[in-house]
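# Remarks on the overall topology
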Amino acid sequence: MDTFEAIYGRRSVKAFDPTHKFTPDQERRLFEAAVQAPTSFNIQHWRFVIVRDAELRRQIRALGNDQAQITDASLLVIMTADVHAWKKNPQRYWRNAPKEVADLLVGWMGPFHEGREQLQRDEAMRSIGMAMQTLMLAAKAMGYESCPMIGYDFDAVAKLINLPADHAIGPMVAIGKGTKQPWPKPGQLGLDEVVIENRFA
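Criteria and thresholds
- Residues numbered from 1 in each chain as written.
- Predicted model: local features only at pLDDT ≥ 70, side-chain atom pairs only at ≥ 80, totals over all residues.
- Heavy atoms only, no water.
- Helix = DSSP H or I, 4+ residues; strand = E, 2+ residues; numbered from the N terminus.
- Contact = heavy atoms within 4.5 Å.
- Areas by Shrake-Rupley, 256 points an atom, 1.4 Å probe, with all protein chains shown as cover.
- Patch = residues over 30% accessible without salt bridge, like charges linked within 9 Å, V, L, I, M, F, W, Y side chains within 5 Å.
- Salt bridge = Lys/Arg side-chain N within 4 Å of Asp/Glu carboxyl O.
- Buried < 20%, exposed > 50% of the residue type's maximum accessible area, 1.4 Å probe, protein only.
- UniProt positions renumbered as here; feature names shortened; annotations may be inferred.
- Core = buried A, V, L, I, M, F, W, Y, C linked by side-chain atoms within 4.5 Å.
- Pairing = 2+ DSSP bridges.
- Axes fitted to C-alpha atoms, helices over the stretch in contact; angles between N-to-C directions.
- Polar contact = N/O pair within 3.5 Å; in protein donor to acceptor, adjacent residues only side chain to side chain.

Of regular secondary structure, the chain possesses 8 helices and 4 strands. Counting from the amino terminus, helix and strand elements in the chain follow one another as α-α-β-α-α-β-α-α-β-α-β-α. Referenced to the eigenvectors of the C-alpha coordinate spread, the extents of the chain come out at roughly 50 × 45 × 35 Å. In the chain, the share of contacts with a sequence separation of at least 24, taken over all contacts with a separation of at least 6, comes to 79%. With the model as given, the accessible surface of the chain reaches about 11,900 Å², and the carbon-plus-sulfur share is 54%.

A few words now on a nonpolar patch on the surface. Residues Leu189, Leu191, Val194 and Val195 make up a contiguous nonpolar surface patch of about 400 Å² in total accessible area. Judged by its relative accessible area of 48%, Val195 falls in the partly exposed class.

Before going further, it helps to spend a moment on the UniProt feature "domain: Nitroreductase" (unreviewed entry) in the chain. With numbering aligned to this structure, UniProt lists the feature "domain: Nitroreductase" (unreviewed entry) at residues 7–177. Counting secondary structure, residues 7–177 comes out at 43% helix and 16% strand; the distance between its end C-alpha atoms is 18 Å.

Let's shift gears to the environment of Thr39. Take Thr39: it is sitting in the loop between helix H2 (24–34) and strand E1 (46–50). Taking the C-alpha atoms as reference points, Thr39 and Ile70, 31 residues apart in sequence, are found 27 Å from one another. Setting aside its immediate chain neighbours within four residues, Thr39 contacts Gln44, His45, Trp46 and Ser127.

A general feature of soluble globular proteins is that nonpolar side chains tend to end up buried together. Counting 24 residues, the largest nonpolar core has Leu30, Leu75, Met79 and Ile175 as its most contacted members. Counting only elements with at least two residues in this core, the list comes to H2, strand E2 (75–82), helix H6 (117–141) and strand E4 (167–176). A total of 8 residues in this core trace back to one element, the largest contributor, which is H6. Residue contacts for Met79: discarding those within four places in its chain leaves Arg47, Phe48, Ile128, Ala131, Met132, Ala168, Ile169, Gly170, Pro171 and Val173.

Let's shift gears to the sheet that holds E2. Strands sit in the order E1-E2-E4-E3 across an open sheet of 4 strands; the sheet is antiparallel. A strand with exactly one partner marks an edge of an open sheet, and here the two such strands are E1 and strand E3 (145–149). Across the sheet, the axes of successive neighbouring strands diverge by a mean angle of 25°, strand direction being ignored. Here 7 bridges tie E2 to E4, and the two strands are oriented antiparallel to one another.

A separate point is the side chain of Thr39. Accessibility expressed as a relative area gives 12% for Thr39, which makes it buried. Here Gln44 takes part through its backbone nitrogen, which lies 3.0 Å from a polar atom of the side chain of Thr39.

With respect to the helices, strands and loops of the structure, His45 is situated in the loop between H2 and E1. His45 sits in the buried class, given a relative accessible area of 1%. Among the polar contacts made by the side chain of His45, one reaches the side chain of Ser127 at a distance of 2.8 Å. The residues touching His45, leaving out its near neighbours within four places in the chain, are Thr39, Ser40, Thr80, Ala81, Asp82, Ala85, Glu123, Ala124 and Ser127.

Turning our attention to the environment of His167. With respect to the helices, strands and loops of the structure, His167 is situated in strand E4. Residues His167 and Thr80, spaced 87 residues apart in sequence, show a C-alpha to C-alpha distance of 6.7 Å. In this view, His167 contacts Arg47, Thr80, Ala81, Asp82, Val83 and Lys88; residues no more than four positions away in its chain are not counted.

Dropping the structure here:
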C-alpha cells in the first residue's frame, strides 16, 4: 500500500473479528516497523505491552468504558515508556555509530535530562506517540485496522500490568481485522486554521 493511502485510509475502527489471529511473522513485522519511529537521542523509550491473557483483557475492558475492541481485537497493545531509559546503559543506543558521534551524543544525554523530570516524561510520551502512529500505519499498510484509546483508568490498568515505577503509561491500541466500515471522517480543520506562517499574530 502506498504511504499516502495508509495515512488517509487509517481510521479508528471499533469493531473487530474476535476470531482473527496474527501469525508470529505478522506480529514481528508490525513491531519491527514500530521501532523504526524516531526518538530523542535514539533513546527508544517505548515498551509495548501485548495483552494476550483473555481474563486480563476482560479486566481491562471493565476499566475501559466497556469498549468492545479491548477484548475483540487480534492485538491489544498498551503503550508504555521507560522514563529513565536515558540513563540505563545509554551507550547501547549508539553502538553502531562512529565513536566520536557516539561519545558526543551519549555525553550530552545525561546533562540534558538530569533533574528535568517534566522533560523526561514529555520525551517518553512523545516517543510513545510516534511509535504508536508508526504501528497503526504499518497495520493499515498490511490491510488491518486499528483504534487508539485513552478512555480507560490509567492508574488501575498500570497496576494490572505491574507497570514499573519509572515507567509511564500512554494510550492503548487495538489492532486486527475490522468488521464494520467506519463512519465518514467527522471533519478535519482547514489548513488555513492549523498552519501558521513564521509566528502567531
